[in-house]
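Residue-level structure breakdown
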2 protein chains.
Amino acid sequence: MSVTWTATQKQRLSELDADEALHDQVFADTAEREEHFKQLERKLAAKNKEELLALKNDSLRPLLCQLESRLVDRLTKEGFVQVVTPILLSRGMLNKMTITPEHPLVKQVFWVDKDKCLRPMLAPNLYHLLRDLRRLWGKPVRIFEVGPCFRKESQGAYHLNEFTMLNLVELGDLEGQQEERLRELANIAMDAAGIKNYRLEKDECHVYGNTIDVISGDLELGSGAYGPHKLDPPWGIVDPWVGIGFGLERLVVTVKGHKNIRRAGRSLSYLDGARLNI
Amino acid sequence: MSVTWTATQKQRLSELDADEALHDQVFADTAEREEHFKQLERKLAAKNKEELLALKNDSLRPLLCQLESRLVDRLTKEGFVQVVTPILLSRGMLNKMTITPEHPLVKQVFWVDKDKCLRPMLAPNLYHLLRDLRRLWGKPVRIFEVGPCFRKESQGAYHLNEFTMLNLVELGDLEGQQEERLRELANIAMDAAGIKNYRLEKDECHVYGNTIDVISGDLELGSGAYGPHKLDPPWGIVDPWVGIGFGLERLVVTVKGHKNIRRAGRSLSYLDGARLNI
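Everything quoted here is computed from the prediction, not taken from an experiment.

Some remarks on the sheet that holds strand 1 (residues 81-82) of chain B
Residue and element names in this part refer to chain B. Pairing in this open sheet of seven strands is mixed, and the strands run 1-5-6-10-9-8-7 from one edge to the other. What marks the edges here is a single partner per strand, and that holds for strand 1 and strand 7 (199-205). Pairing of strand 8 (residues 209-216) with strand 9 (residues 219-227) involves six bridges; the strand directions are antiparallel. Bridging across to strand 9, Ile215 finds its partner in Glu220.

Quick word on empty space enclosed by the protein
All names here are of chain B. Tallied over the entire structure, the rule returns two cavities of 30 Å³ or more. In this structure, the largest cavity encloses a volume near 90 Å³. If you go around the largest cavity, you meet 15 residues; those closest to its centre are Pro62, Arg263, Ala264, Asp272 and Gly273. Among the secondary structure elements, those contributing two or more residues to the lining of the largest cavity are helix 3 (63-77), helix 7 (248-256) and strand 11 (270-271). Its residues assigned to classes, the lining of the largest cavity shows eight nonpolar, four polar and three charged. A volume near 70 Å³ is recorded for the second largest cavity. Residue composition of the lining of the second largest cavity, by class: eight nonpolar, two polar and two charged.

Some points on the domain arrangement of chain A
Residue and element names in this part refer to chain A. With domains assigned, chain A is organised as domain 1 (3-60) and domain 2 (63-263). Centre-to-centre, using C-alpha coordinates, domain 1 lies 36 Å away from domain 2. Each side of the interface is counted separately: domain 1 has nine residues, and domain 2 has four residues. Carbon and sulfur atoms make up 26% of the surface buried where domain 1 meets domain 2, a total of about 490 Å² over both sides. Of all residues in domain 1, Asp17, Glu20 and Ser59 bury the most surface against domain 2, accounting for 66% of the area lost on that side. With a closest N to O distance of 3.9 Å, Asp17 and Lys259 form a salt bridge. Elements represented by at least two residues in the side of domain 1 that touches domain 2 include exactly helix 1 (7-15) and helix 3 (30-59). Looking at the side of domain 1 that touches domain 2, its residues break down into two nonpolar, three polar and four charged.

Regarding the relation of the copies chain A and chain B
The transform that puts chain A on chain B rotates by 180 degrees and translates by 0.0 Å along the axis, for an RMSD of 0.0 Å. What we have between these two chains is a two-fold relation. Of every C-alpha in chain A, the one belonging to Val112(A) sits nearest the axis of rotation, 2.7 Å from it. When the interface residues of chain A are mapped onto chain B, 100% of them are again interface residues, pointing to one common binding face.

A short note on the interface of chain A and chain B
Contacts between the two partners involve 52 residues from chain A and, on the opposite side, 52 residues from chain B. Taken together, both faces of the contact between chain A and chain B bury some 4,500 Å²; the carbon and sulfur share is 67%. Here chain A is connected to chain B by four salt bridges. We note a salt bridge from Arg266(A) to Glu145(B), for which the minimum N-O separation is 3.3 Å. Linking chain A to chain B there are 22 residue pairs in polar contact (both at pLDDT 80 or more).

Some points on the sheet that holds strand 9 (residues 219-227) of chain A
All names here are of chain A. Read from one edge of the open sheet, seven strands run 1-5-6-10-9-8-7, paired in mixed fashion. Of all the strands in the sheet, the pair left with one neighbour each is strand 1 (81-82) and strand 7 (199-205). Packing of helix 7 (residues 178-193) onto the sheet brings it into contact with strand 5 (141-150), strand 6 (162-171), strand 7, strand 8 (209-216), strand 9 and strand 10 (241-247), and relative to strand 10 it is tilted by some 30 degrees. Each of strand 5, strand 6, strand 8, strand 9 and strand 10 is contacted by helix 8 (residues 248-256), which is oriented at about 140 degrees to strand 9, the strand it contacts most.

With respect to helix 5 (residues 123-137) of chain B
Residues and elements named next belong to chain B. With 15 residues, helix 5 should reach 21 Å at 1.5 Å per residue; the first-to-last C-alpha distance of 20 Å fits that figure. Across the 15 residues that make up helix 5, a large majority, 11, are buried. Where helix 5 terminates, the next one or two residues include Gly138, which has phi positive at roughly 70 degrees.

Overview of helix 8 of chain A
All names here are of chain A. Three or more residues of helix 8 are buried, namely Leu248, Glu249, Arg250, Leu251, Val252 and Val253. Lining the buried residues of helix 8 we find helix 4 (63-77), strand 5, strand 6, helix 7, strand 9 and strand 10. Gly257 sits one or two residues past helix 8 and shows a positive phi near 70 degrees.

Points about the pattern of salt bridges
Residue and element names in this part refer to chain B. Under the definition given, this model contains 50 salt bridges over all chains. Linking Lys139 and Asp239 is a salt bridge whose minimum nitrogen-to-oxygen distance equals 3.5 Å. Placement of the pair is Lys139 in the loop between helix 5 and strand 5 (141-150) and Asp239 in the loop between strand 9 and strand 10 (241-247), with a sequence separation of 100 residues. A salt bridge links Asp272 to Lys256, with the nearest nitrogen and oxygen atoms 3.5 Å apart. Placement of Asp272 in the loop between strand 11 and strand 12 (274-275) and of Lys256 in helix 7 is noted, with a sequence separation of 16 residues between them. The exposure class of Asp272 is buried, given its relative accessible area of 18%. Residue classification places Lys256 among the partly exposed residues on the basis of a relative accessible area of 36%.

Rules and cut-offs
Residues numbered from 1 in each chain as written. Chains lettered and ligands numbered in written order. Predicted model: local features only at pLDDT ≥ 70, side-chain atom pairs only at ≥ 80, totals over all residues. Heavy atoms only, no water. Pairing = 2+ DSSP bridges. Helix = DSSP H or I, 4+ residues; strand = E, 2+ residues; numbered from the N terminus. 1 Å grid on protein atoms, 1.4 Å probe; cavity = no way out; pocket = protein on both sides within 12 Å on 5 of 7 lines; lining within 4 Å. Points joined across faces, edges and corners; volume = space filled by probe spheres on them. Nonpolar A, V, L, I, M, F, W, Y, C, P; charged D, E, K, R; others polar. Domains from an automatic or database assignment. Contact = heavy atoms within 4.5 Å. Buried area = accessible area lost by both parts, 1.4 Å probe. Salt bridge = Lys/Arg side-chain N within 4 Å of Asp/Glu carboxyl O. Least-squares fit on C-alpha atoms with pLDDT ≥ 70 in both. Polar contact = N/O pair within 3.5 Å; in protein donor to acceptor, adjacent residues only side chain to side chain. Axes fitted to C-alpha atoms, helices over the stretch in contact; angles between N-to-C directions. Expected span 1.5 Å × (residues − 1). Buried < 20%, exposed > 50% of the residue type's maximum accessible area, 1.4 Å probe, protein only.

Below, the structure written as structure tokens:
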């Protein structure tokens, strides 16, 4: 009779970022399995420890932070201005994005006190700033924010309750060129992140209508939208615009080949992709 | 009969960052006041607009973001490793910091769902990581995090509900040298931030006991503590350590001379210290 890993062993292999092929190994008996597990765990733990030592001795910053810096550097070189807006969002700002009780996203919102929530996205704050900056700067307005967003997720392999969003938006004389400019900006971001293996796909999304998604393998790294758009009028936006949002942890997963996004995000169990309880 | 500014006018002058001396002006009559107000508002609005144009054309990043980058650069050069930990904190982690219902800080905590809160400080997460990293790295362990923290504040001139905390900690063979090392690290951070006008003061604090505070004028920019400390045992920490936490918006206020910290923080009304509704 052959045996497979126990649930606990599988869990541990996953924590240590074992190749998926290793999860399905079959053994002649439990003695053989235990011996294999011991060896494999030791090897994987050593690899995780090596990565943590490389962080300490060489890189000193998690890839998540490094990617943020690289994107900030590149976007400012391209003339985009960084902004920092509130993480606590009023219910009214959500409503203005039409994220009302009927909207699928509303179930994923973390509420704080009565009328505030943790922002599930950066778009409402950027919409709000766009109007003021359009008036004060004239066209074009190029801004971006990078920072924490929050969604109650089923915690699958590619979702996090806390994640880092980068959202850039350009407003200006883009009529008829929105898709082309979106593609340019997506390519700029991917270049800054050092990701070559991606494609751009047209899709349709709940909040933004027609989108151009940035995909690597099966993973959506980012999603771009453009206007004029049905959401624009309540925000006082009349000019054409393009915008893209990226999940930074997904960029990390893509660069590092992690099997689970928890490895890449804010955590007390992982640091820069390596497991800590080893 | 002489008149002073109306409440609305005072509010507007404050929004536009008028010198405090201007708030107490006295006029012969309302006609004179209105004329003065018109001129003053125009001048101040122009100054705010100039600052926003300088952001767009020159600096491209709010000082808050620039200071963060400078501190990250300097701390990694000093051998500190950046970490990124969860913003949502479990009630248990707060309790482990002895922030239980009797503690003054507990009133300032934003609760999310039933058993989570927005971290009011970085210390519990850093405590948690210290033990793992001490085991994996040996001594010294030098880490820091910079990121959002949340406290319900009375919203005075120097408090924000959402603020950016930088917390660094060094654990190692520091017995007897903790105060000296704290002073060194405080000086390093102030040097990186470009702040010369500050002093270090011993004080006592609710959570951390004896502290060394970093003060500029009347404003506490940061606070340092050290161990062995009564909070250490539940976190499994036995080695000496030193740590300092800075409020980044307070560093911005100090560098720029703002009269209100709201100007420096995450906002939809201000961007990089300048008022947007002008």
